[in-house]
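Coordinate inspection notes
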Amino acid sequence: MLRNYNVSEREMRICLLTRLMFKPKDIAVLVGCRFPEVSLTRSRLLKKIYGIDGKSSDFDKRIMLMY
């Protein structure tokens, strides 16, 4: 489903790790970026995928509801 939104490889990994309930700090280590970049990417993905503005935690809640 995420491929329909033209997400990058890094964004895809962040989505998957979020879905697997990794903490943002751990995601940053696994993806190879800084913690603020992970938070910013998650909030941008909320806008890109769901079309709404919000916090990165809002993205986490929504991605957990995906089938």
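The coordinates are above.
Attention in this report is confined to the structure presented alongside it. Since the model is a prediction, treat every value here as computed from it, not as a measurement. (Residues numbered from 1 in each chain as written. Predicted model: local features only at pLDDT ≥ 70, side-chain atom pairs only at ≥ 80, totals over all residues. Heavy atoms only, no water.)

Some words on the overall build of the protein chain
Short version of the rule: Per the convention used, a helix needs a DSSP run of H or I reaching at least four residues, while a strand needs a run of E reaching at least two, with both numbered from the N terminus. Radius of gyration: over C-alpha atoms. The globule rule applied is 2.2 Å multiplied by the number of residues raised to the 0.38 power.
Regarding its fold elements, the protein chain presents four helices and zero strands. In sequence order, the secondary structure elements of the protein chain are arranged as α-α-α-α. In terms of overall size, the protein chain behaves like a compact globule, its C-alpha atoms giving a radius of gyration of 11 Å where 67 residues would be expected to give roughly 11 Å. For the protein chain, the spread of C-alpha atoms along the principal axes amounts to about 25 × 20 × 20 Å.

A short note on a nonpolar patch on the surface
To keep things clear, this is the line we draw: Exposure above 30% relative accessible area and the absence of a salt bridge qualify a residue for a patch, where like charges join within 9 Å and nonpolar side chains (Val, Leu, Ile, Met, Phe, Trp, Tyr) within 5 Å. Where accessible areas are quoted, they stem from the Shrake-Rupley method and a 1.4 Å probe; at the residue level, only the protein chains shown are allowed to cover. When a carboxyl oxygen of Asp or Glu lies within 4 Å of a side-chain nitrogen of Lys or Arg, that pair is called a salt bridge.
Judged by side-chain polarity, Met1, Tyr5 and Tyr67 come together as a nonpolar surface patch covering roughly 400 Å² of accessible area. Inspection of the secondary structure puts tyrosine 67 in the segment after helix H4 (56-64).

Thoughts on the side chain of glutamate 11
Using the following cut-off: Each polar contact in these results corresponds to two N or O atoms within 3.5 Å; when the atoms are within protein, one needs to be able to donate a hydrogen and the other to accept it, and residues that are neighboring in sequence are counted only if both atoms are side-chain atoms. Contacts were defined at the residue level, with two residues in contact if any of their heavy atoms lie within 4.5 Å.
Structurally, glutamate 11 can be placed in helix H1 (residues 9-19). For glutamate 11, the side chain forms a polar contact with the side chain of lysine 48, separated by 3.0 Å. Sequence-distant contacts of glutamate 11, that is, excluding residues within four places in its chain, are made with Asn6, Thr41, Leu45 and Lys48.

Looking at the nonpolar core
We count it as follows: We define the nonpolar core as a collection of buried residues of types Ala, Val, Leu, Ile, Met, Phe, Trp, Tyr and Cys that are connected through side-chain atoms lying within 4.5 Å of one another. Think of it in three bands: with a 1.4 Å probe and only protein chains considered, a residue is buried below 20% of the maximum accessible area for its type, exposed above 50%, and partly exposed in between.
In terms of nonpolar packing, the biggest core is built from 10 residues, these being Leu2, Val7, Met12, Cys15, Leu45, Leu46, Ile49, Phe59, Ile63 and Met66. Of all the secondary structure elements, the ones that give two or more residues to this core are H1, helix H3 (35-50) and H4. Among the elements that line this core, the one with the most residues is H3, at three residues. In contact with valine 7, not counting residues within four places along its chain, are Leu2, Met12, Leu45 and Lys48.

Taken by themselves, the reported measurements are silent on function.
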